[in-house]
Amino acid sequence: MSDAGSIFLNPGRRAVRCDGFLGARLRSGSGRPDYLMGVGDCMLLDFRKGFFAVADGSDRNSSSSRDFMLRFARLLETLPDVGCRKSLNDSDRSALQAEVERGSEEILAKMSFTDSSTFTGVLILKTDSGCQGLVLHTGDSLLLQCDPGEGTVRQVTRSNFWMVGRTKRFFQVEYITFSDETRLLLSTDGFSYLKAPAAERREEFVCRLFGEQPVEGIPDILIDGYDAGDIAKDDLALISLAPAAIRYRDQRVIL
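Within any chain, residue numbers begin from 1 and follow the written order of that chain's sequence. Side-chain atom pairs in this predicted model are given and counted only at pLDDT of 80 or more, local residue features only at pLDDT of at least 70, and totals for whole chains, interfaces and linings cover all residues. Excluded from the side-chain calculations are hydrogens and water; all other atoms, namely the structure's heavy atoms, are used.

## A few points about the packing of aromatic side chains
The geometry of an aromatic ring pair comes down to the distance between the two centres and the angle between the two planes.
Right, so step 1: Any pair of Phe, Tyr and Trp rings, taking the six-membered ring for Trp, is counted once the centres come within 6.5 Å. Such a pair is stacked with planes under 30 degrees apart, edge-to-face with planes over 60 apart, and tilted for the rest. Going through the model one piece at a time under the given rule, you end up with 13 aromatic pairs.
Right, so step 2: Grouped by ring-pair contacts, the aromatic residues F51, F68, F72, F119 and F170 constitute a single cluster.
Right, so step 3: The cationic tip of R166 hangs over the ring face of F113; the distance from NZ or CZ to the ring centre is 4.3 Å. Charge-over-ring contacts are defined here by two conditions on Lys NZ or Arg CZ: a distance within 6 Å of the ring centre and an angle within 35 degrees of the ring normal.

Written out as structure tokens, the structure is:
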């Protein structure tokens, strides 16, 4: 039997899972020229701070996404109200957003033009109004918010060309509210290579899976069962979350 809330890492599959809360998987792409090596996609799973993100780095500098993740993780370490059991009020949330924006702009200003990368993350917070998330986004990675009980799904993020290394601020910084049933999917643009069953949109298919399967199993189900076949395809990073079931642990994983 698994220990409730334990975090399991499978390096061979580039996979992480925390039963009842999170599943994550990184799949490398195919069809690259020989001079383009490495996996450009990256994931940050910060269980200490409750922050989870995906990034898609340039093929010519596949380490750029990881570099930005490390810098952002160090920013989170400076925020005392993040990752604690304190319930934040409206004033706390406004102050936190301003501090995150200020710190992230300092990091972005130091990134080289050659360090091009997308970035999409969510910081899970306990507030006086319930469970909320601070969304930080730039580029064309995505965040889907699903409510399986209602059968609704929406893409929270808006795709754009503001890439890390070429912008001084995130394209999108905003709070979203979760219910106990809310499920989130963070993905890089390799999401487009997933093939939903006939007559079903990918987003609707993901929402249905969230209603039928444990949250930690979603990335494995999508990649093992619905990935594109033997064609040239991009890297893919997937994180599935049940945000209201967050488990804070003294662990941070970067894949």
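## A word on empty space enclosed by the protein
Right, so step 1: Points on a 1 Å grid, built from protein atoms alone, make a cavity when a 1.4 Å probe fits but cannot get out and make a pocket when they are open with protein on both sides within 12 Å along at least 5 of 7 lines; residues with an atom within 4 Å of a point are the lining residues. Grid points are joined across faces, edges and corners, and a volume is the space filled by probe spheres set on the points. Evaluated as defined, the whole model comprises 1 cavity of 30 Å³ or more.
Right, so step 2: Each residue is assigned to one of three groups, with Ala, Val, Leu, Ile, Met, Phe, Trp, Tyr, Cys and Pro labelled nonpolar, Asp, Glu, Lys and Arg labelled charged, and all others, Gly among them, labelled polar. Here the lining of the largest cavity is composed, by residue class, of 4 nonpolar, 1 polar and 3 charged.

## Comments concerning the sheet that holds strand 10 (residues 172–177)
Right, so step 1: DSSP bridges decide pairing: two strands pair if at least two such bridges lie between them. Under the scheme used here, helices are H or I runs from DSSP no shorter than 4 residues and strands are E runs no shorter than 2 residues, and both carry numbers assigned from the N terminus. Pairing is antiparallel in the open sheet, where 6 strands are placed in the order 10-7-6-5-4-13. Strands at the two margins of the open sheet, each flanked by one partner only, are strand 10 and strand 13 (252–254). Going from strand to strand, the sheet's axes swing by 10° on average, the running direction of each strand aside.
Right, so step 2: The pairing of strand 5 (residues 51–56) with strand 6 (residues 119–127) spans 4 bridges and is classified as antiparallel. Residue V54 lies in a different strand from strand 6, and its bridge partner there is T120. Only C-alpha atoms enter the line fits that serve as axes; for helices the fit covers just the stretch in contact. Angles between N-to-C directions range over 0 to 180 degrees.

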